[in-house]
Amino acid sequence: MRPFELPDFYLPYPARLNPHLERARVHSPAWARRMGMLEAAKPGGGVVWDEAALAGMDYPLMCAYTHPDCDGPTLDLITDWYIWVFFFDDHFLEHFKYTRDRPGAKAYLDRLELFMTVGDAGDDTDASGPPDLPDPDNAAERGLADLWARTAPAMSPDWRRRFMTSTRNLMAESLWELDNIDRGRIANPIEYVQMRRRVGGAPWSANLVEYAVGAEIPGRLAAVRAMQVLADTFADGVHLRNDLFSYRREVQEEGENANAVLVFEEFLGCSTQQAADLVNDLLTSRLQQFETTALTEVPALVADEAVSAHEQYGLAAYVKGLQDWQAGGHEWHTRSSRYMNDGAPAAPPSMLGGPAGLGTSAARLLTSVWTGMRHRARQHAHTPFRPVGPLPVPDLHMPYAFRVSPHLAAARRRAPDWARRMGMFDTDAGEVWDEPRFIGIDLPHCAAMIHADASEGQLDLSSDWLAWGTYGDDYYPVIFGATRDLAAAKLCTERLDAFMPLDVDGEAAGDANAAGDVAGVVAGDARPGGPVPANALERGLRDLWRRTATSMPPADRRRFRTAVQDMTASWLWELANQAQGRVPDPIDYIEMRRRTFGSDMTMSLARLAYADVLPAALYRTSIMRELETAAQDYATFTNDLFSYQKEIEFEGELHNLVLVVENFLGVDRFRASDVVAALMETRMRQFEYIVATDLPKLAADFDLDEAARDRLHQYADRLKDWMSGILEWHRRCVRYTEPELQRLRAAVSGQSPFVPTGLGTSAARIAAQLASPRH
């Protein structure tokens, strides 16, 4: 019996069929036979696949649907890649997931990686030529060796590196699934989405789209937000759809626990049908986020980066290729024997596609349109400044005690002086802040808890970075939000980059910083060859950069600069969302919230002391990413709970997770706040588990010595301080008290000329801005 009824899907693109399907159906089974895939034995007897099983899954049909425009040889190669990856998945399941053989699994995956290299015999980028490869000794190795030799020579080294990373991820992160099965653990929703992108293989599929359409993404654009969002939304769409169709096979028959429907069931305590419907809602949201990005952010990227006509064609072909994959992937899921698809509407396998039967041609289109319109209407239906009333903060799970730096009193004395000299209290700066409000926010208190072990000079630096980030977060909506002047906001952001030179000469600034002097550089003093700061935002950044970057190794300096740039760019994202009146997609919101909060920037400050001990590659592992993002999510969600009434009722805010959950689940603010608190608890418990269990494994994997192991755990301790300190600051900060709300009521009524905000919050404070005499 089916565990649930398949929901109505949002299908915005028509599925089309490649005319070379029958050729691939002849070629690919023969290739799988040559590689030995039809003879691979199960540990308990029998084979992983036989010819009948392979024919029933019909991977040539999947590839003909997902790549409708490529030629015959390309379709053959693409189909072989998919046969290999599905064989790998099923073979790994039989040999390692069922048997729980983790050491064997790791050895198996380590050998597979040897069959992918950046260089090849015809590639002069690798002077040494292709490395000596081991002889393949199983079907997965033979298949990968053959496919790499047929694919890599046609692609650039940059693409090969990206594809190697994607392939490595989908193989290696299978161990994450294996660990969860061993523990009987179901991932929390945020962890699941992040890890599913790595283990699920859709980023790998997006790389193959580049090969199929004959257009690579330029290397300089691959890491830009717009391209990352296209790849991530594509991946989430593919995986969420797959989870709906594969629930019966994976969860009920194979004992898997990495499935979004099961994750929603467990986290929300709802029925399987309700969970399936919510997964479909999230799938719809991700597809529409893809469309929004493709239609708004990609054209802006093309203009900003002066993308050539040839590259523009490639970007368009890539976007269209991803759309074709989504449409074709759905059609294949409705047909393959691998999935639960009885009762799912399917199109006939013809060149025209579309639903079959008398009177059915319009029904499917109308259902899809209604599903999409309903979701879009809900996203744009929020009424700004609606009265919501107080929202009690639920009990929050916090296992760590906060600590306070002994230098807090000194930092409190110096912080206002620094902000004043940077010009943050000037009335001609846009009336963003005044000194009493700045003192009331008490950012030195926050800094003294998140960096409790900092020296006096380091604490001043941390406090000033918090002040600068909070000021900028307030500056953008006050100066650009009410007027919707996104062009001016973009220009402002671009100018900030000039005050973070990678070749900064900070001898004087370094000496001042070492002495604990918060003055740094004289506010109006221009760096030779650089621009003269025009406002408090630029003066503050110039001063902070010279006090911070001069002591950093070049690689750390680049990473820190990127962290600051990510935060300032996120302010533009908020302004654009506010202009559209669009409640953000839940996943996009959570991922961007980490940037608007300045999480990477403040964590980078905590990491500086360990740059010479811990290898950079360690921070790129999934374990460290989950450790850091779990901490980031706990902190950002804390802010959203405490600031809900202030933001929604008095500031016209759209960027608050409680509101996002209200909108997505269709619940009231009380139920939404409980969901947010539950998310915080699951992320905190994940953090605790990683510290106790995964960090020792990571240290062993990297063969860290005792000193480096101590540094790794000290870094985790800094993150504990970061979370507990931010929670305590919110509990004590005046900005979330009733007197502050009364001041905001007066501001909205036109009795106050400005409405400043605080740590990690921003969006248009429209009503108060319009009430100002200046406007």
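Rules used throughout
- Residues numbered from 1 in each chain as written.
- Predicted model: local features only at pLDDT ≥ 70, side-chain atom pairs only at ≥ 80, totals over all residues.
- Heavy atoms only, no water.
- Helix = DSSP H or I, 4+ residues; strand = E, 2+ residues; numbered from the N terminus.
- Buried < 20%, exposed > 50% of the residue type's maximum accessible area, 1.4 Å probe, protein only.
- Contact = heavy atoms within 4.5 Å.
- Areas by Shrake-Rupley, 256 points an atom, 1.4 Å probe, with all protein chains shown as cover.
- 1 Å grid on protein atoms, 1.4 Å probe; cavity = no way out; pocket = protein on both sides within 12 Å on 5 of 7 lines; lining within 4 Å.
- Points joined across faces, edges and corners; volume = space filled by probe spheres on them.
- Salt bridge = Lys/Arg side-chain N within 4 Å of Asp/Glu carboxyl O.
- Patch = residues over 30% accessible without salt bridge, like charges linked within 9 Å, V, L, I, M, F, W, Y side chains within 5 Å.
- Lys, Arg positive; Asp, Glu negative; His and termini not counted.
- Charge placed at Lys NZ, Arg CZ, Asp CG, Glu CD.
- Expected span 1.5 Å × (residues − 1).
- Arc of directions from axis to C-beta.
- Axes fitted to C-alpha atoms, helices over the stretch in contact; angles between N-to-C directions.
- Parallel < 35°, antiparallel > 145°, perpendicular 65-115°, else oblique.
- Nonpolar A, V, L, I, M, F, W, Y, C, P; charged D, E, K, R; others polar.
- Phe/Tyr/Trp six-rings, centres within 6.5 Å; stacked < 30°, edge-to-face > 60°.
- pLDDT = per-residue confidence, 0-100.

**A closer look at the overall build of the protein**
Next up, step 1: Within the protein, the regular secondary structure consists of 33 helices and 0 strands.
Next up, step 2: Burial statistics for the protein: of 775 residues in total, 59% are counted as buried.
Next up, step 3: A separation threshold of at least 6 residues defines the contact pool for the protein, and within that pool the share at least 24 residues apart is 79%.
Next up, step 4: Accessible surface for the protein amounts to roughly 29000 Å². Of this, 54% is attributable to carbon and sulfur atoms.

**Regarding empty space enclosed by the protein**
Rolling a probe over the atoms, with the probe sized like a water molecule, indicates the empty space that remains.
Next up, step 1: A full pass over the atoms with the stated rule returns 9 cavities of 30 Å³ or more.
Next up, step 2: Roughly 520 Å³ of internal volume is contained in the largest cavity.
Next up, step 3: Phe-86, Asp-89, Arg-196, Gly-200 and Asn-242 are, among the 32 residues lining the largest cavity, the residues nearest its centre.
Next up, step 4: Looking at the lining of the largest cavity, the elements that each hand over two or more residues are helix H4 (72-97), helix H8 (174-183), helix H9 (189-200), helix H10 (202-213), helix H11 (225-253) and helix H14 (309-333).
Next up, step 5: When residues in the lining of the largest cavity are grouped by element, the largest group, 8 residues, is from H4.

**Comments concerning the pattern of salt bridges**
Next up, step 1: If you walk through the whole model with that rule in mind, you get 55 salt bridges.
Next up, step 2: Note that Asp-460 and Arg-414 form a salt bridge whose closest N and O atoms lie 2.8 Å from each other. Of this pair, Asp-460 sits in helix H19 (residues 456-481) while Arg-414 sits in helix H16 (residues 408-422), placing them 46 residues apart in sequence.
Next up, step 3: Judged by relative accessible area, which is 3%, Asp-460 ranks as buried.

**A closer look at the environment of Gly-472**
Next up, step 1: Topologically, Gly-472 is positioned in helix H19.
Next up, step 2: On the accessibility criterion, Gly-472 (0% relative accessible area) is buried.
Next up, step 3: The spacing of Gly-472 and Val-432 is 40 residues in sequence and 9.3 Å in space, taken between C-alpha atoms.
Next up, step 4: Excluding anything up to four places from it in sequence, Gly-472 contacts Leu-537 and Trp-571.

**Remarks on a negative patch on the surface**
Next up, step 1: Together, Asp-703, Asp-705, Glu-706 and Asp-710 make up a region of like negative charge exposed at the surface.
Next up, step 2: For Asp-703, a relative accessible area of 67% translates into the label exposed.

**Things to note about helix H5 (residues 102-113)**
Next up, step 1: A rise of 1.5 Å per residue sets the reference length of H5, with its 12 residues, at 16 Å; its end C-alpha atoms lie 17 Å apart and thus fit the reference within 8%.
Next up, step 2: Regarding H5, the residues found buried are Ala-105, Tyr-108, Leu-109 and Leu-112. Across the axial projection of H5, the buried residues extend over an arc of 95°, all falling on one side.

**Some details on the packing of helix H1 (residues 21-35) against helix H6 (residues 139-151)**
Next up, step 1: One way to put it is that H1 packs onto H6 with a least axis distance of 8 Å and a crossing angle of 125°. Here H1 lies oblique to H6, going by the angle between them. Along its contact with H1, which presents His-27, Trp-31 and Met-35, the element H6 presents Ala-139, Arg-142, Gly-143, Asp-146, Leu-147 and Arg-150.
Next up, step 2: Among the residues forming the contact of H1 with H6, the class breakdown is 4 nonpolar, 2 polar and 3 charged.

**Remarks on the side chain of His-382**
Next up, step 1: Examined against the element boundaries, His-382 turns out to sit in the loop between helix H15 (361-379) and H16.
Next up, step 2: Ignoring sequence-local partners within four residues, the contact set of His-382 consists of Val-583, Ile-648, Glu-653, Leu-654 and Leu-659.

**A short note on the packing of aromatic side chains**
Next up, step 1: The tally for this structure, following the rule as stated, stands at 36 aromatic pairs.
Next up, step 2: Aromatic pair Phe-92 and Tyr-108: ring centres 6.3 Å apart, planes at 40°, arrangement tilted. Of this pair, Phe-92 sits in helix H4 while Tyr-108 sits in helix H5, placing them 16 residues apart in sequence.
Next up, step 3: Assessed through its relative accessible area of 1%, Phe-92 is described here as buried.
Next up, step 4: Look at Tyr-476 and Trp-571: their rings are 5.0 Å apart centre to centre, the planes differ by 55°, and that puts the pair in the tilted class. Placement of Tyr-476 in helix H19 and of Trp-571 in helix H23 (residues 554-580) is noted, with a sequence separation of 95 residues between them. We note that Tyr-476, like Trp-571, is buried.
Next up, step 5: Put simply, the rings of Trp-81, Tyr-82, Trp-84, Phe-88, Phe-92, Tyr-108, Trp-148, Trp-159, Phe-163, Trp-204, Phe-234 and Trp-325 pair up and form one aromatic cluster.

**A closer look at the confidence of the model for the protein**
Next up, step 1: Taken residue by residue, the protein gives an average pLDDT of 85. The fraction at 70 or more is 85%.
Next up, step 2: Residue range residues 346-363 is modelled with pLDDT below 50. Its contacts to residues more than four positions away, or to other chains, number 31 contacts.
Next up, step 3: A low-confidence stretch, residues 506-527 stays under pLDDT 50, and its non-local contacts, those more than four residues away or across chains, total 39 contacts.

**Some remarks on the side chain of Ser-166**
Next up, step 1: As for its placement among the helices and strands, Ser-166 is situated in helix H7 (residues 157-172).
Next up, step 2: For Ser-166, the residues in contact, after removing those within four places along its chain, are Pro-203, Trp-204 and Asn-207.

**Digging into unusual backbone geometry**
Next up, step 1: At Ala-306, a position not held by glycine, the phi torsion is positive, near 50°.
Next up, step 2: Mapped onto the elements, Ala-306 comes out in the loop between helix H13 (272-304) and H14.
Next up, step 3: Relative accessible area serves as the criterion here: at 63%, Ala-306 is assigned to the exposed category.
Next up, step 4: Positive phi, close to 65°, is recorded for Phe-385, a residue that is not glycine.
Next up, step 5: With respect to the secondary-structure elements, Phe-385 resides in the loop between H15 and H16.

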